[in-house]
Amino acid sequence: MTSCRGAALALLVATLATLALATLPGAVPRAEACVFLRDPHAYEADAARSMYFAAMDAAAVDALFPGDPFFGLPPVEAGNRNARTPGARRVPQSLLRSIGWVESNLAMAARSVPFAATGPALVSFDCGYGIMQVTTGMTVPLGVNNQPTANQVSVATHYAYNIARGAGILAEKWNGAPELRPLAGTDTNSDPAIIENWYYATWSYNGFTGPGTNRSNHPLDPSFARPRERYRCDGSQSRTRYPYQELVWGCLASPPSSRGVQLWAPRPVSLPDLSQPAFFGPLALANFVFPYAAMDLPTPQPQHVDPTPAVAPDLRARALGAPAPAASRQSVDVRFDTPSGGRATIEVSNSGSGVLSWHAVASANWIVVDPPAGVALGADVACSGCARTGALLITVNPTLLQRAASRGSVTITAANGSATPVTISVGVEGSFEFGAPGTSRAY
Amino acid sequence: MPLAQRAQRALVPIAGLAIAALVLAGVVLLRARDGGAPPPDGATLVLAEFGNTVDRIVTAPANRPDERTPVVSVEHVAGWGINPSPQAAGTLVAFTVLPQGAMPQRDSPAELRLLDVATGALRTLARDADLLVPPLFDQAGSALVYRASSQGGQQALVRVELHSGALRVLHRAESAFGSFPVGFAADDALLFASLSTAGTDLYRVRAGEAPQLLLHASDQITRDWRLSPNGRAVSYLEPVLLAERVVHRLQVLELGADGAARPATPPADAPTSEQFAPVWTPDSGAVTVGREAYPQRRAGAVTVPVDGSMSRPLAPPATGFDAPLGWSPDGRWLAARSFDGVTAHEPGTESMVLISESGRRFAVVGEAELIFLGWVHRD
């Protein structure tokens, strides 16, 4: 009788657990596998995006992660075709702001997450993460045991890393010329300080696609109305009518507002005048052939340059801090005969400073962690009534248990910083016996 | 009282009445010209008011475009509005849209939807459409063609029967560029323009047959292809070098009974400046095309007859220029986008206007972008 009741209970728990796992908020079907099966959590900073802009200013001059092979800014090449040489590590910060707005409305977390708070990260269906919607390297786990790497965790959860990676990708798009892409600025030595010379690099950030394709960004594509007024970036115009780079140019010149305040000073930038043969000719169909050598453009005039941003000396300390993970419990015992059957929650906290990007890895497949990565805020991080800790839900999948009584662990690692990982022992006691058709194990 | 004096006194009220009648008649006449009364043919404008996540499709009488009747609201991915067919068919309009939940990207599979503005009935005909390529109706308004792309660069031009919803691929090709449906010719063959490194070619194709090259239209990217209402001619814009500027010029092709396409002879006074958005008059006798204002301050659209007779200018804006959208079925109203700049490169602010055949202009006011879906005829 006891055994029968236990079996029924266990079957119910198993069914509920399976259903719960299938319906967790992060369990959204995607076009292709992203690095995280469930959405990680991220920190959304202030509404004015002051922290994001400070990080962009720093990333624009490689002051955020100098020397870091993944998050550092590569040297940006300058010079015309056949005379291109590595130059300063520098991208226009205004371009980063505008791209960030076009990509994500400058949001690191999902729309449901308030400012100065934490919550599910912003993840697009094509595995674009965060402010800069970084997709490169975010489609498959690249770490050991098919786990996300620390870099992938940081890009998905921490605004500074996300911005730095976006800046790096933009620089890589620029450096794609002349081998892979055309260059702009044939009459200005393709000077990367000139914002207009980033026309092709910006186009490439979204995809260097030709006229007539379904993701075309070609300015002469018949799909885009001609003439078309400039994109105003105020939500009153459909994006359907514009190539990507014109969206970015439009937001540069007409900054979006947050709570009635423009997010940056208007930065007028010039588009290629397509009535001029010097611009129209290179964009001709015959020239849209890899490596696009005949597509090089002069600089659209008048040209504009960003001033060198002033990066506060303590910016790195404020943006990155010295995070250190801690957990509310060192050990959890999961039971199935309680109201929270099969589950336990621990709070991941940051005993250091800054934003901790943590990553939870289970030692066994019967332990499921959700979210797989998240953030915890140091006392120095703005947090208006939000939880500074990150709740980590540990769920036991009974159908994958090898034995009724099992023990494993969850290791919480700081993706940013060098703090010592925290390991949580996870035990499960299944004092029941049952055999249920359709389950993978019988006890 | 002398007779003359009595007659004079009697004439005063008569004259007053006559003057009043004249004034009244004048007012009525003027109001009619100004569009103060509904046109007898019931031309009705269909447009969408863009919203960040919802486009509101409305109808409005041509002479009172601010008196809008909501038809349906269409939810879409934030920022990405509907992309309509350039013309309606009867009371039907069609558009592509990224439904909510789709990836907010231009290459996400879009839905092809059909709306009957008379009933508000909205149907989804396909879920694999290319957002950027507007669908087109056939001559009878019984079918649509849309474009679908699949990974690997393969594009298909697909015919949808509106009654049954049946789909049939008319043409499929792999390309790094693209094919754009132009319309169904009088013999129901699909015309489409195809881009390649060689430029733009015009093809015709029937279901189950190989496409037939009609014409190499240009070495460049041509645009704004429009089939005449009778299906016997095609207009488009071709970029040409003129006085050290690249300008788009109207071209017209006559489609022969043998399937051949021959360039029509333009009238001697056809405009030579940069031109925009040609549209056919309802009788298929002329093409109305916008003109760049530069070097002047303003330029109205002009209607260019295909028989070579003199062109007819339309009322220009106070400053700037117009880009036509479409004539009402009765040929009395032209919907157009109006710009207050003078060139395509610096077009200034855009708005929608209705230009009457008689030379009046009516602003179609909107707080956000207005998307033209066509004209319908409502009795």
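Residues numbered from 1 in each chain as written. Chains lettered and ligands numbered in written order. Predicted model: local features only at pLDDT ≥ 70, side-chain atom pairs only at ≥ 80, totals over all residues.

In this section: the overall build of chain A. Looking only at helices and strands, chain A has nine helices and 15 strands in total. Here chain A holds 443 residues, and the buried ones make up 51% of them. (Helix = DSSP H or I, 4+ residues; strand = E, 2+ residues; numbered from the N terminus. Buried ≥ 20, exposed ≤ 12 C-beta atoms within 10 Å, placed from the backbone.)

All names here are of chain B. If you walk across this open sheet you meet the four strands as E3-E2-E1-E29, and the pairing is antiparallel. Edge strands, defined here as strands with exactly one partner in the open sheet, are strand E3 (69-75) and strand E29 (370-377). Between one strand axis and the next, the sheet turns by 20° as a mean value, whatever way the strands run. Bridge analysis of strand E1 (residues 43-49) against strand E2 (residues 54-61) gives six bridges, and the strand direction is antiparallel. When the bridges of E2 are listed, Leu-47 appears paired with Val-58. (Pairing = 2+ DSSP bridges. Axes fitted to C-alpha atoms, helices over the stretch in contact; angles between N-to-C directions.)

On the side of chain A, 32 residues touch chain B, which itself brings 49 residues to the contact. Sorting the residues of the side of chain B that touches chain A by element identifies strand E12 (179-184), strand E13 (190-196), strand E16 (223-227), strand E17 (233-242) and strand E18 (245-255) of chain B as the ones contributing at least two each. Along the lines of polarity and charge, the residues of the side of chain B that touches chain A split into 21 nonpolar, 16 polar and twelve charged. (Contact = placed C-beta atoms within 7 Å. Nonpolar A, V, L, I, M, F, W, Y, C, P; charged D, E, K, R; others polar.)

Next up on the list: the packing of helix H2 (residues 50-60) of chain A against helix H5 (residues 159-175) of chain A. Describing two packed helices takes the angle between their axes plus the distance from one axis to the other. Residues and elements named next belong to chain A. Here H2 crosses H5 at 40°, and the two axes come no closer than 9 Å. By the criterion of interaxial angle, the relationship of H2 to H5 is oblique. As for how H2 packs across H5, the hand of that crossing is right-handed. Between H2 and H5, the residues in contact are Met-51, Tyr-52, Ala-55, Met-56, Ala-59 and Ala-60 and Tyr-159, Ala-160, Ile-163, Ala-164 and Ala-167, respectively. Classifying every residue of the contact of H2 with H5 by side-chain character gives eleven nonpolar, no polar and no charged. (Parallel < 35°, antiparallel > 145°, perpendicular 65-115°, else oblique. Left-handed = near helix turned anticlockwise from the far one by under 90°.)

Turning to the sheet that holds strand E22 (residues 298-299) of chain B, a few remarks are in order. Residues and elements named next belong to chain B. If you walk across this open sheet you meet the five strands as E22-E25-E26-E27-E28, and the pairing is mixed. This sheet does not close on itself; its edge strands, each paired only once, are E22 and strand E28 (361-364). Sheet topology places strand E25 (residues 320-327) next to strand E26 (residues 333-339); six bridges connect them, and they run antiparallel. Bridging from a neighbouring strand, Asp-322 pairs with Ser-338 of E26.

Residue and element names in this part refer to chain A. Side chains of strand E15 (residues 422-429) alternate between two faces, with Val-422, Ile-424, Val-426 and Val-428 buried and Thr-423, Ser-425, Gly-427 and Glu-429 left unburied. Note that strand E8 (residues 331-335) and E15 share five bridges and pair parallel. Paired with Val-332 across the two strands is Val-426, which belongs to E15. Where strand E14 (residues 405-414) lies against E15, eight bridges are found, and the strand directions are antiparallel. Within the sheet, the bridge partner assigned to Ala-405 lies in E15 and is Glu-429.

Here we come to the environment of Val-77 of chain B. Note on placement: Val-77 of chain B falls in the loop between E3 and strand E4 (83-84). Once residues lying within four places of it in the same chain are set aside, the contact partners of Val-77 of chain B are Leu-98, Gln-100, Ala-102 and Pro-104 of chain B.

For soluble globular proteins, the rule of thumb is that nonpolar side chains tend to be buried together. Ranked by size, the top nonpolar core spans 126 residues in total, and within it Tyr-52, Ala-55, Ala-59, Tyr-159, Ile-163 and Ala-167 of chain A carry the most contacts. Considering every element that reaches this core, the biggest residue donor is H5 of chain A, with ten residues. The residue makeup of this core includes at least three contributed by each of domain 1 (2-29 + 321-429) and domain 2 (42-315) of chain A. Leaving out residues up to four positions away in the same chain, Ala-59 of chain A has contacts with Leu-64, Leu-73, Leu-96, Ile-163, Ala-164 and Ala-167 of chain A. Formed by 95 residues, the second largest nonpolar core is a distinct cluster that contains Ala-185, Leu-191, Leu-227 and Phe-372 of chain B. (Core = buried A, V, L, I, M, F, W, Y, C linked by C-beta atoms within 7 Å. Domains from an automatic or database assignment.)

Residues and elements named next belong to chain B. A residue-level look at chain B finds 89% of positions with pLDDT of 70 or above and a mean pLDDT of 89. In this model, residues 18-41 is a region of pLDDT below 50 whose contacts with residues beyond four sequence positions or in other chains number 19 contacts. For this predicted complex, the interface score ipTM comes out at 0.88, alongside a pTM of 0.89. (pLDDT = per-residue confidence, 0-100.)

Attention shifts here to the domain arrangement of chain A. Residues and elements named next belong to chain A. Assigned domains within chain A: domain 1 (2-29 + 321-429) and domain 2 (42-315). Each of domain 1 and domain 2 has a C-alpha centre, and the two are 36 Å apart. Listed as interface residues are 18 residues of domain 1 and, on the opposing side, 16 residues of domain 2. Broken down by secondary-structure element, the contributors of at least two residues to the side of domain 1 that touches domain 2 are strand E10 (355-362) and strand E12 (373-377). Classifying every residue of the side of domain 1 that touches domain 2 by side-chain character gives eleven nonpolar, seven polar and no charged.

Attention shifts here to the pairing of E25 of chain B. Residues and elements named next belong to chain B. Counting buried positions over the eight residues of E25 gives eight, a clear majority of the element. Bridging between E22 and E25 involves two bridges; their strand directions are parallel. Residue pairing for E25: Ala-299 is matched across the bridge by Phe-321. With antiparallel pairing between neighbouring strands as the criterion, E25 and E26 make up a hairpin whose turn holds five residues, including Gly-331 at a positive phi of roughly 75°.

All names here are of chain A. Residues of chain A with pLDDT of at least 70 account for 90%, and the chain-wide mean is 89. Throughout residues 1-31 the model reports pLDDT below 50, and contacts reaching past four residues in sequence, or to other chains, amount to 43 contacts. Here residues 437-443 scores under 50 on pLDDT; set against residues more than four positions off or in separate chains, the count is twelve contacts.

With that settled, consider unusual backbone geometry. Apart from glycine, the bulk of residues carry a negative phi angle, and the bulk of peptide bonds sit in the trans form. Here the residue pair Ala-177 of chain A and Pro-178 of chain A is connected by a cis peptide bond, since its omega of 0° sits within 30 degrees of zero. Residue placement: Pro-178 of chain A occurs in the loop between H5 and helix H6 (199-206). The phi torsion at Tyr-292 of chain A lies on the positive side, around 65°, for a residue other than glycine. If you trace the backbone, Tyr-292 of chain A turns up in the loop between helix H8 (277-280) and helix H9 (315-320). With a phi angle near 50°, Ala-243 of chain B is a residue other than glycine that sits in the positive phi range.

Attention now moves to the packing of H6 of chain A against helix H7 (residues 244-253) of chain A. All names here are of chain A. At a minimum axis separation of 8 Å, H6 and H7 run at an interaxial angle of 115°. Taken as a pair, H6 and H7 cross one another with a handedness that is right-handed. For the pair H6 and H7, contact is made by Tyr-199, Thr-202, Trp-203 and Asn-206 and by Tyr-244, Gln-245 and Val-248, respectively. Partitioning the contact of H6 with H7 into residue classes produces four nonpolar, three polar and no charged.

It is worth spelling out H5 of chain A at this point. If you check H5 of chain A, its first and last C-alpha atoms are 24 Å apart, about what 17 residues at 1.5 Å a residue would give, namely 24 Å. Among the 17 residues that make up H5 of chain A, 15 are buried, leaving the element largely enclosed by the rest of the structure. (Expected span 1.5 Å × (residues − 1).)

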